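Coordinates in review
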Amino acid sequence: MLSTLLLSGLLALNPFAAPQPRVPLAAGAVSSVDPCRLYGTVYLETDPRRKGQCFGVVYQEPEEAFADLLVYQENNKLFADKVGLWYLSDSRDFADYVLFVTDNRNLADFSFHYTKVRNYAGCRKQ
């Protein structure tokens, strides 16, 4: 019975297997955020310490012509059901997407601009 225990312990440690390379979790998730798929409840994070917990990095564009996404700010989250329609949440826990807002345009995944007309909201065709 002792030999069975020692053999199962040796097989569990498996000293004969090739060592697996250790890769950080962030290295496998390198991809850009598609702004044409974002809608619903959004929380805009400004604290740089929480940047790693955010879905993506965005830049608020002052000019409409250079923005990748035109956003209409909804008053009711039930109406934020299409691309570019965002309901801004006060809490990050109840948001569908948490986006970090940066001041540097070069560090952002995409840029957005608020529009006052609901029909103009959406992704710009590039």
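The structure contained in this document is the topic of the report that follows. Computed from a prediction, not measured in an experiment: that's the story for all the values here.

Reading the values: the criteria
Note that residues are indexed from 1 along each chain, following the sequence as it is written. Only residues with pLDDT of 70 or above have their local features reported here, since the model is predicted, and side-chain atom pairs are shown and tallied only from 80 upward, although totals for entire chains, interfaces and linings are computed over all residues. To obtain the side-chain values, all non-hydrogen atoms of the structure were used and water was disregarded. Stacked, edge-to-face and tilted labels apply to pairs of Phe, Tyr and Trp rings (six-membered ring for Trp) whose centres lie within 6.5 Å, assigned for plane angles under 30 degrees, over 60, and everything in between, in that order. What counts as a helix is a DSSP run of H or I of at least four residues, what counts as a strand is a run of E of at least two, and both are numbered from the N terminus. With a 1.4 Å probe rolled over the protein chains alone, any residue whose accessible area is under 20% of its type maximum counts as buried; one over 50% counts as exposed, and the rest are partly exposed. Salt bridge criterion: a side-chain nitrogen from Lys or Arg within 4 Å of a carboxyl oxygen from Asp or Glu. Throughout this description, a polar contact denotes any pair of N or O atoms lying within 3.5 Å of each other; where both atoms belong to protein, one of them has to be capable of donating a hydrogen while the other can accept it, and for residues adjacent in sequence the pair is counted only when both atoms sit in side chains. Throughout, a residue-residue contact means that at least one pair of heavy atoms, one from each residue, lies within 4.5 Å.

**As for the packing of aromatic side chains**
Under the criterion given, the structure shown has three aromatic pairs. When the centroid spacing of 5.1 Å and the interplanar angle of 55° are considered together, the rings of Phe55 and Tyr97 count as tilted. Here the residue Phe55 occupies a position in the loop between strand S1 (40-45) and strand S2 (56-60), and Tyr97 occupies one in strand S5 (residues 97-101), the gap between them amounting to 42 residues. A residue is classified by how much of its surface remains accessible, and Phe55, at 45% relative accessible area, is partly exposed. When the ring of Phe112 is compared with that of Tyr114, the centres are 5.3 Å apart and the planes differ by 85°; the resulting orientation is edge-to-face. The class for Phe112 is buried, based on a relative accessible area of 0%.

**Some remarks on the pattern of salt bridges**
On inspection of all chains with the given rule, the structure shows five salt bridges. Where Asp34 meets Arg37, a salt bridge forms, and the shortest distance between an N and an O atom there is 4.0 Å. With relative accessibility at 60%, the residue Arg37 sits in the exposed group. Note that Glu61 is salt-bridged to Arg105, the shortest N-O span being 3.0 Å. Here the residue Glu61 occupies a position in the loop between S2 and strand S3 (69-73), and Arg105 occupies one in the loop between S5 and strand S6 (110-114), the gap between them amounting to 44 residues. On the accessibility criterion, Arg105 (45% relative accessible area) is partly exposed.

**Considerations on the side chain of Glu74**
Positionally, Glu74 belongs in the loop between S3 and strand S4 (85-88). For Glu74, the side chain forms a polar contact with the side chain of Arg118, separated by 2.7 Å. What Glu74 contacts, discounting residues up to four positions off in sequence, is Phe79, Ala80, Leu85, Trp86, Tyr87 and Arg118.

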